[in-house]
Structures are given as C-alpha cells and as structure tokens.
Amino acid sequence: PGLIAKLVADLPSQTVAAPRNLSGSLRRKLDLIAAQHGGHVPLHGKMFALWMHHAFPNECPFPRASGAEAPLTHDEWSERFNTDSVASEEEIQHYMVLANSTTDAASPHELNEAAMMWSEEEELVTDLDMEELG
C-alpha cells in the first residue's frame, strides 16, 4: 500500500495537482484494503476502484457492484419517469441560498473522506487467489 500511496500522491490529473499529501483517512482506507488481502492491494477489485474514486473523484467513476443497475442518462431518466431531470432556475437559486447559509459548509477540498461513501464489500474481477500469492 505504501508504494501505491506514493505513486498516487505523485500522479497529477486535470483536476488534481501533484505532488500532494493524501489524507490520513484515504491512506487508512488503502491499508484496510491491504489488510483484507494479506498485505496486498488487488488493483482489479471494487474496493481499490472505490479508493481511486475518492483519490480522483472527477476522473475515476464510482464503482458499481456487478449486476447493479447502471445510472440513467438524462434521456433515459426523462423517459422512465416522464419528467425532465433539469432543475429550474428557481430550484437552483433555492439550493444556492441554502448552501451559502449553512454555517459549517465545507469547500470540496475540505471534505473529509471519512464521511464519503465507503464499502468494505470486495468484489474482484479476477479469480486470482490472493492467499496463494503469500
């Protein structure tokens, strides 16, 4: 996990500058993944994909469990629910006022990863047995 953390901390993207310090919470989640797999982090697992989503939220999609229903596109939503998924200007203003009036509102960079969605349900996309790797 240490090498992965170092590589990710040094990896820039269009929305994340590098080098950066990974939060303790994000680092602990990586250690948790390794602990569940005998000290190794399976790169083709759902938990690592979720970890990458938290490390790069704009570049890595939230992983879905196999068999889970995929998110709907705008057109699919409109057709299924017979309504438009676009917010009106009034609705947008209402939520902007609400967000600005919240005393403990945090900027996106101040969000605590511990509060983000996290699941310890692992699903490997390979049948490689991590126990055999030692």
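About the thresholds
- Residues numbered from 1 in each chain as written.
- Predicted model: local features only at pLDDT ≥ 70, side-chain atom pairs only at ≥ 80, totals over all residues.
- Heavy atoms only, no water.
- Helix = DSSP H or I, 4+ residues; strand = E, 2+ residues; numbered from the N terminus.
- Expected span 1.5 Å × (residues − 1).
- Contact = heavy atoms within 4.5 Å.
- Phe/Tyr/Trp six-rings, centres within 6.5 Å; stacked < 30°, edge-to-face > 60°.
- Buried < 20%, exposed > 50% of the residue type's maximum accessible area, 1.4 Å probe, protein only.
- Lys NZ or Arg CZ within 6 Å of the ring centre and 35° of its normal.
- Salt bridge = Lys/Arg side-chain N within 4 Å of Asp/Glu carboxyl O.

Caption draft 1: Structural context of helix α2 (residues 24-36). An ideal rise of 1.5 Å per residue puts 18 Å on 13 residues; α2 measures up with 18 Å between its terminal C-alpha atoms. Where α2 is buried, its residues meet α1 (2-9) and α3 (46-55). Of the residues trailing α2, G38 is marked for its positive phi of about 65°.

Caption draft 2: Structural detail: the packing of aromatic side chains. Tallied over the entire structure, the rule returns two aromatic pairs. When the ring of F48 is compared with that of W51, the centres are 5.9 Å apart and the planes differ by 15°; the resulting orientation is stacked. Linking F48 with W51, this pair stays in helix α3, spanning three residues, or about one helical turn. Per residue, the accessibility class of F48 equals that of W51, and both read buried. For the ring pair W77 and F81, a centre distance of 4.3 Å and an interplane angle of 45° mean the geometry is tilted. A residue pair is termed a helical-turn pair when its members lie 3 or 4 positions apart in one helix, as W77 and F81 do in helix α4 (residues 74-81) at four residues. Under the relative-accessibility criterion, W77 is labelled partly exposed at 35%. Judged by its relative accessible area of 43%, F81 is partly exposed. Lying over the aromatic face of F56, R20 brings its terminal NZ or CZ to 4.8 Å of the ring centre.

Caption draft 3: The arrangement of the pattern of salt bridges in detail. In this structure the tally under the stated criterion is two salt bridges. For K6, the salt bridge identified is with D10, shortest N-O distance 2.4 Å. Residue D10 is classed as partly exposed on the basis of its relative accessible area of 37%. As a salt-bridge pair, D31 and R27 come within 3.4 Å of each other at their nearest N and O atoms. Within this pair, D31 and its partner R27 are both found in helix α2, separated by four residues, close to a single helical turn. Residue classification places D31 among the partly exposed positions, given a relative accessible area of 33%. Accessibility expressed as a relative area gives 30% for R27, which makes it partly exposed.

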